[in-house]
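Remarks on the overall topology
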Amino acid sequence: MNDYYHELKITTEYTELHKKIIDVKLSPLLPQELLLLVEEFTEAMNKKLNLAVEILNEYIKQLPNDYGRQEIIGENSIIFIKIKIKYHQELVNLELIANKIVQYIRNYWLVEKINTR
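Predicted model only: the values in this text are computed from it and were never measured. (Residues numbered from 1 in each chain as written. Predicted model: local features only at pLDDT ≥ 70, side-chain atom pairs only at ≥ 80, totals over all residues. Heavy atoms only, no water.)

**Points about the confidence of the model for the chain**
- The share of residues in the chain with pLDDT of 70 or more is 73%, and the mean pLDDT across the chain is 78.
- When the criterion is pLDDT under 50, residues 1–6 qualifies, and its contacts beyond four places in sequence or with other chains add up to seven contacts. (pLDDT = per-residue confidence, 0-100. Contact = heavy atoms within 4.5 Å.)

**Some points on the side chain of Thr 42**
- Its place among the elements puts Thr 42 in helix H2 (residues 32–60).
- A relative accessible area of 6% places Thr 42 in the buried class.
- Every residue in contact with Thr 42, bar those within four places of it in the chain, is listed here: Ile 21 and Lys 25. (Helix = DSSP H or I, 4+ residues; strand = E, 2+ residues; numbered from the N terminus. Buried < 20%, exposed > 50% of the residue type's maximum accessible area, 1.4 Å probe, protein only.)

**A word on the environment of His 18**
- By the element assignment, His 18 lies in helix H1 (residues 12–25).
- Other than its neighbours up to four places away in sequence, His 18 contacts Met 45 and Asn 46.

**Some details on the pattern of salt bridges**
- All told, the structure shown has two salt bridges when counted by the stated rule.
- In this structure, the salt-bridge partner of Glu 40 is Lys 100, at a minimum N-O distance of 3.3 Å. With Glu 40 in helix H2 and Lys 100 in helix H5 (residues 94–108), the pair connects residues that are 60 residues apart, well separated along the chain.
- Owing to a relative accessible area of 31%, Glu 40 belongs among the partly exposed residues under this scheme. (Salt bridge = Lys/Arg side-chain N within 4 Å of Asp/Glu carboxyl O.)

**Observations regarding the environment of Val 92**
- Among the secondary structure elements, Val 92 is positioned in the loop between helix H4 (78–90) and H5.
- Note: C-alpha distance between Val 92 and Glu 43 (49 residues apart in sequence) is 9.8 Å.
- What Val 92 contacts, discounting residues up to four positions off in sequence, is Ala 44 and Ile 97.

**A look at a nonpolar patch on the surface**
- A cluster of nonpolar residues, Phe 80, Ile 81 and Ile 85, forms a patch on the protein surface that exposes about 240 Å² of accessible area.
- For Ile 85, the position within the fold is in helix H4. (Patch = residues over 30% accessible without salt bridge, like charges linked within 9 Å, V, L, I, M, F, W, Y side chains within 5 Å. Areas by Shrake-Rupley, 256 points an atom, 1.4 Å probe, with all protein chains shown as cover.)

**Observations regarding the packing of aromatic side chains**
- Scanning all chains against the criterion turns up two aromatic pairs.
- Seen from their ring centres, Tyr 108 and Trp 109 are 6.0 Å apart, and the 70° between their planes marks the pair as edge-to-face.
- Taking relative accessible area as the criterion, Tyr 108 reaches 46% and is therefore assigned partly exposed.
- Relative accessible area serves as the criterion here: at 55%, Trp 109 is assigned to the exposed category.
- Put simply, the rings of Tyr 104, Tyr 108 and Trp 109 pair up and form one aromatic cluster. (Phe/Tyr/Trp six-rings, centres within 6.5 Å; stacked < 30°, edge-to-face > 60°.)

Below you can see the structure in the form of structure tokens.
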């Protein structure tokens, strides 16, 4: 029996967003620096998913031997809280990378100068 799960169900919304980002990356009009930022963002997205799988696999090994039913079930369960804490400690913040992308675009198209006229 396999003790590890290598799949994590992800939402349709996530999948569609990922496809849109890939489409942006494939544009020949994308400046190199912006392409690097978008690649950094997609890499962070992938790391986020892999991290979730790693953490879940780590705790799956302990179930059900180390935790009783009440400790496992629900968002307020001990194991769920431990998983959330570990996930957020190791998570790459996608918002920081997204902000770099937005700032690059604003600078590239001189948005501030356009808005002041």
